[in-house]
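A structural walkthrough
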Amino acid sequence: MIRIEKIWLTADAVWIRTADGREACEYYADYPRFRAATAEQRANYQADEFGICWPDIDEDLSYECFFYPKQRTELYRIFTAHPELNASAVARRMGISQSLFAQYISGAKKPSRARMAEIYSTLHAIGEELLAIPATA
């Protein structure tokens, strides 16, 4: 079990320090609910011996996840390069869990080829819908 000495928030991440001095963070950009949350919602968290819970935004992080190797997936690059994309809305549109979609983006879970094709297809459909909007009113 990981013993936590300190938890703190910055403008872009939640940080922890373990009793043995290790520090790690999870970036808000990797989680759709954090990205959409206000500073007040992020500041309202509860911690126990297993992890941190944000009841206002229904998000939970285990301490172990802070130390998982991070893969910067293609989805991560897409969503960080285009912050105007709302990952939660894309997940809802696809009918999948927002939490699962966040794990795909962060690299914590790897989508199947079929799921990845569905994600790209959804993103392309959104792009086509935006292109169909007249440039002048």
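Above this text is the structure in question.
Residues numbered from 1 in each chain as written. Predicted model: local features only at pLDDT ≥ 70, side-chain atom pairs only at ≥ 80, totals over all residues. Heavy atoms only, no water.

Before going further, it helps to spend a moment on the state of the cysteines. Scanning the entire structure with this criterion turns up zero disulfides. Free of any disulfide, Cys-25 has its nearest neighbouring cysteine sulfur in Cys-65, separated by 11 Å. With no disulfide of its own, Cys-53 lies 13 Å from the sulfur of Cys-65, the closest cysteine sulfur. For Cys-53, a relative accessible area of 24% translates into the label partly exposed. (Disulfide = S-S within 2.5 Å. Buried < 20%, exposed > 50% of the residue type's maximum accessible area, 1.4 Å probe, protein only.)

In this section: the pattern of salt bridges. Should the charged atoms of two oppositely charged side chains come close, the side chains can pair. Under the definition given, this model contains seven salt bridges. Between Arg-33 and Asp-58 there is a salt bridge, with its nearest N and O atoms 3.9 Å apart. Here Asp-58 lies in the loop between β5 (51–54) and β6 (59–62) and Arg-33 lies in helix α1 (residues 32–36), a separation of 25 residues in the sequence. Take Arg-33: its relative accessible area is 22%, and that puts it in the partly exposed class. On the accessibility criterion, Asp-58 (52% relative accessible area) is exposed. (Salt bridge = Lys/Arg side-chain N within 4 Å of Asp/Glu carboxyl O. Helix = DSSP H or I, 4+ residues; strand = E, 2+ residues; numbered from the N terminus.)

Turning our eyes to something else, we now look at the side chain of Arg-42. Structurally, the position occupied by Arg-42 is in helix α2 (residues 39–43). No salt bridge is formed by the buried Arg-42; the nearest opposite charge belongs to Asp-12, separated by 8.5 Å. With residues up to four places along the chain from it excluded, the contact list for Arg-42 reads Leu-9, Ala-11, Tyr-28, Phe-34, Arg-35, Ala-37 and Trp-54. (Lys, Arg positive; Asp, Glu negative; His and termini not counted. Contact = heavy atoms within 4.5 Å.)

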